[in-house]
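Fold and geometry: a report
The residues making up each chain are set out below.
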Amino acid sequence: MLNIKNEVLIRLYAIALVMIGISALITWRLYQLAVTDAEEWRKKGDSNFLKMVEVTPDRGNILASDGSLLATSLPYFDIYFDPKAEGMTDQVFYENLDSLAWLLSTYVDQQYTPGAYRDWLEKLRKAPDTTPGIRYVPIAKRLSYTQMLEIKKFPLFRLGRNKGGLIVEQTYNRQRPFKLLAQRTIGYVRGNDILPVGLEGSFNHVLGGEPGQRLMLRVPGDLYIPVTDLAEIEPRPGDDLVTTIDINIQDAAENALLKALKEHDADHGCAIVMEVKTGAIRAIANLGRTPEGNWWETFNYAIGERVEPGSVFKLASFMALLEDDHIEDFEQKIPIYGGRVKFYKDELVDAIPHGLDSMTIRQVFAQSSNVGTATLVQRYYGDTRRASAFVERLQQFGLHLPTGIEVGGEEPPYIKTPGDKKARWSGTTLPWMSIGYEVMLTPLQTLAFYNAVANNGRRMKPYLVERIERYGKPVRVFKPVMVESRIASRNTLERARELLEEVVRSGTARNINPALYSIAGKTGTTQLNYHKFRASAGIRYQATFCGFFPAKSPVYSCIVVISEPKRGGYHGAEAAAPVFREIADKCFALKPALHPPINRGERPVLAGHQLPYADAGLGDDLKKALQWLDMEAYLERQWPAYGVLTTRNDSLLVLPRPISDRVIPNVFGMGLKDALPILENSGCRVRIRGLGKVVAQSPPAGTPLNGRTLVTLTLN
């Protein structure tokens, strides 16, 4: 009996110990959950209702070289209402209901009466908390900043997010103030798996900024609404991109190109204007026909379309002949066989029938004789070994190199070499290469070569971006890059420019020879879809003109390409050269630097010394300088605040230099000490090039002031 009792007690004790252990374990776990791990579990619980989301930063602007906006992000605001906001009481809601309904009906959406708005708002307030979307009711979208501020003043809404239920969300819309102008070059941003387009795509990391963080609350309907109006981590706005584009030249290039495309019923075309000394692209226009028959920047043909360049390539052939001393006298006559010759089984003809048996070398280039060019090159480079020497000259000129322009999509050039089995070098390859076939170049690559010829052999890298700015201050400046210091000898370059001038003076481009300045360049006509000049119907052509101006002291180089003209002529001289001339005329009219100085020549002399001329500055400083020089000057009335020295016969005059706060002041002839404060006090931003006195300013004096206008001063 005792043993049974003891056994029962042991079992009870064992069960009690197990229960005590389980209780202790539960108590310990509760302590962990409530105290030790409380914060961790609280975060996990909150994560089902709260989360941090990225806040898109304000995208940086893209600007022209003078500060004009090419692309900018305009802010828009969407307004939402939370009728279940935690701090909103029924008393506050009903006190403001009638006036809020009247304002919404009057200023937001007049389709609804104040009574309809009142009933709708009251219905929202009384709806169950679990109603989908009840915490995020749209009121108005795509409002301007001014409109958003007005709505924030409405009754109830002016109490803010917590008490008034007002939710304001900011979005950005990319705008281009100049619409079509340089659209493809400006580009756009799309998915990460697609090649970037234009400057927007290539500089997305600069323009995009850094996103911020904002706390969002999940509400019924699986929607997330912002907890506060401000971001927990503010986004950093993107930096601005200042391009090399000159708005005036870009506009001139696009208008001239569009007019020619319409006139010749062409498929597409492009025009590029480059600054000779620096490689800065001042204009790049690309226009193509859409399926609807309109004209738009559908593709960046200037950079991404690689075709056989045709006769504009003859410049490289003649430069190779000059470099190797195969041409001594441009007046030497060579046979051209009536403009028709056979290389093996293929016949080569001149584009325009002439029936001449011979031409001088100067005429061969100026009249763009295919037969004359090909026979010259074949004579001196006809076998495989010498053909390699010809190709090496082309490589010396940099024709095998891409330009490395900042925007994506550039097609690499293609230059055949005799040793390359894939190139399929044949007996007819060399003569056809010499006239621009069986090689492939983009318009920009062709222009880079011509620009080097204009720039005394210095090959510059074409570039589109001058600097990156943050809040108006430069954070990175892109300087001109010289790829090659001299692509050919000085003699070759001088004689090549002589040939290019002859084309415009008496050759195929004599129809664009201007009276007030000079142009040097070369026409080109390419057959796009038919090889080696075999006669056939349905041939598609491409017209090209490439050159620079003024011819003696080049400032700009330019190429114009018109693809598939169908009427009004298809040769380079007919379709492309007039566009070049129109662009050059506009540049000549817009840019004083292209004009020969009107005061060129000897200055008046007095007592064996040259008189000062066009020196300008503070009147008091001019007076002291003349006193120190022991010179007298005539005044109109009294010493002006700012004056300019000029000469009349053998006398020195001081004329007043008026300074207006409505137009850009005239600072020509001033030193930087005077010019800089005058311009900055007028509200201008100033860029300085060179040392000495102001010899040019752009925009010119007298241009109406428009905000913080950028004025470029050239000193010498």
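Below: a short report on this structure.

Core analysis: the biggest nonpolar cluster contains 121 residues, and Met319, Phe449, Phe549, Ile562 and Ile583 have the highest contact counts within it. Broken down by element, the residue count for this core peaks at 9 residues, all from helix H19 (residues 572–590). Among all residues touching Phe549, those that are not within four sequence positions of it are Tyr517, Ser518, Ile519, Pro554, Val555, Tyr556, Cys558, Phe580, Ala584, Cys587 and Leu594.

What follows is about the side chain of Glu466. With respect to the helices and strands, the residue Glu466 is situated in strand S19 (residues 465–470). The class of Glu466 is buried, set by a relative accessible area of 8%. Within polar-contact distance, the side chain of Glu466 engages the side chain of Arg467 at 3.2 Å. Among the polar contacts listed, one links the side chain of Glu466 to the side chain of Arg687, at a separation of 2.9 Å. Aside from chain neighbours lying at most four places away, what touches Glu466 is Ser65, Val242, Thr243, Thr244, Arg282, Val477, Phe478, Arg687 and Arg689.

On to the environment of Tyr117. With respect to the helices, strands and loops of the structure, Tyr117 is situated in helix H4 (residues 114–126). As a C-alpha pair, Tyr117 and Leu97 span 20 residues in sequence and 9.2 Å in three-dimensional space. Excluding residues within four positions of it along the chain, Tyr117 makes contact with Ala101, Leu104, Ser105, Val108, Asp109 and Tyr112.

Another point: helix H17 (residues 443–454). An ideal rise of 1.5 Å per residue puts 16 Å on 12 residues; H17 measures up with 16 Å between its terminal C-alpha atoms. Where burial is concerned, most of H17 is hidden: 12 out of the 12 residues are buried. Among all positions of H17, only Pro443, Leu444, Gln445, Thr446, Leu447, Ala448, Phe449, Tyr450, Asn451, Ala452, Val453 and Ala454 are buried. Two residues or fewer past H17, Asn456 is found with a positive phi of approximately 55°.

Calculation rules
Residues numbered from 1 in each chain as written. Predicted model: local features only at pLDDT ≥ 70, side-chain atom pairs only at ≥ 80, totals over all residues. Heavy atoms only, no water. Core = buried A, V, L, I, M, F, W, Y, C linked by side-chain atoms within 4.5 Å. Buried < 20%, exposed > 50% of the residue type's maximum accessible area, 1.4 Å probe, protein only. Helix = DSSP H or I, 4+ residues; strand = E, 2+ residues; numbered from the N terminus. Contact = heavy atoms within 4.5 Å. Polar contact = N/O pair within 3.5 Å; in protein donor to acceptor, adjacent residues only side chain to side chain. Expected span 1.5 Å × (residues − 1).

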